[in-house]
Amino acid sequence: MQPGYYVKAIWDEEASVWCSESNIPGLVIEANNLLEFENLMNELAPEMLSANEGIHNARVPVQFDVHRTRQFAIA
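Residues numbered from 1 in each chain as written. Predicted model: local features only at pLDDT ≥ 70, side-chain atom pairs only at ≥ 80, totals over all residues. Heavy atoms only, no water.

S.K.: Whenever I open this one, the layout of surface pockets confuses me. Can you help?
M.R.: Using a probe with the size of a water molecule, rolled over the atoms, empty space left in the structure can be pinpointed. For the largest pocket, the calculated volume is near 280 Å³. Broken down by secondary-structure element, the contributors of at least two residues to the lining of the largest pocket are α1 (34-53) and β4 (62-67). The element best represented in the lining of the largest pocket is α1, accounting for 6 residues. Class assignment of the residues belonging to the lining of the largest pocket gives a composition of 9 nonpolar, 2 polar and 1 charged. (1 Å grid on protein atoms, 1.4 Å probe; cavity = no way out; pocket = protein on both sides within 12 Å on 5 of 7 lines; lining within 4 Å. Points joined across faces, edges and corners; volume = space filled by probe spheres on them. Helix = DSSP H or I, 4+ residues; strand = E, 2+ residues; numbered from the N terminus. Nonpolar A, V, L, I, M, F, W, Y, C, P; charged D, E, K, R; others polar.)

S.K.: Just checking my understanding: could you explain the packing of aromatic side chains for this structure?
M.R.: The relative placement of two aromatic rings is captured by the distance of their centres and the angle of their planes. Overall, the coordinates contain 2 aromatic pairs when judged by the stated rule. Pairing Phe37 with Phe64 gives two aromatic rings, centres 6.0 Å apart and planes at 15 degrees, and the pair type is stacked. Within this pair, whereas Phe37 is found in helix α1, its partner Phe64 is found in strand β4, the two being separated by 27 residues in sequence. Given the relative accessible area of 0%, Phe37 is considered buried. (Phe/Tyr/Trp six-rings, centres within 6.5 Å; stacked < 30°, edge-to-face > 60°. Buried < 20%, exposed > 50% of the residue type's maximum accessible area, 1.4 Å probe, protein only.)

S.K.: What is the right way to read the sheet that holds strand β2 (residues 17-22) from this model?
M.R.: Backbone hydrogen bonds are what pair the strands of a sheet, in a parallel or an antiparallel way. The mixed open sheet is built from 4 strands, whose spatial order is β3-β2-β1-β4. In the strand order of this sheet, the two ends are held by β3 (30-31) and β4, each with one partner. The pairing of strand β1 (residues 5-12) with β2 spans 6 bridges and is classified as antiparallel. Within β2, the residue paired with Ile10 across the bridge is Cys19. (Pairing = 2+ DSSP bridges.)

S.K.: Please clarify how the pairing of β1 should be interpreted in this entry.
M.R.: Where a strand is regular, its side chains alternate between the two sheet faces. Residues Tyr5, Val7, Ala9 and Trp11 point to one face of β1 and are all buried, whereas Tyr6, Lys8, Ile10 and Asp12, pointing to the other face, are not buried. Bridge count for β1 against β4 is 6 bridges, and the pairing is parallel. Directly across from Val7, in β4, lies its bridge partner Phe64. Where β1 hands over to β2, the hairpin turn is made up of 4 residues, of which Ser16 adopts a positive phi near 55 degrees.

S.K.: Just to check I follow, could you spell out unusual backbone geometry for this structure?
M.R.: Backbone geometry follows two general trends: most residues other than glycine have a negative phi, and most peptide bonds adopt the trans configuration. One non-glycine residue, Ser16, lies in the positive phi region at around 55 degrees. Tracing the backbone through its elements, the reader meets Ser16 in the loop between β1 and β2. The exposure class of Ser16 is partly exposed, given its relative accessible area of 41%. Positive phi outside glycine occurs at Asn57, with the angle close to 50 degrees. Note that Asn57 resides in the loop between α1 and β4.

Structure follows, in structure tokens:
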């Protein structure tokens, strides 16, 4: 049985980029916007699963979540 894989896109306010948190070995993503992040994830996640987990010719579910905290100024 394969472990449950996940990728989280987390907004880094200081760097103004989306960063990844993931349990896919070798997967590290930084992107300026979510579309770019998702495109990189779609390209890199299968490559990392193949290279680092030895998964080939399979469909693997990967949970994808987005996290961003916003601060509101309340008068």
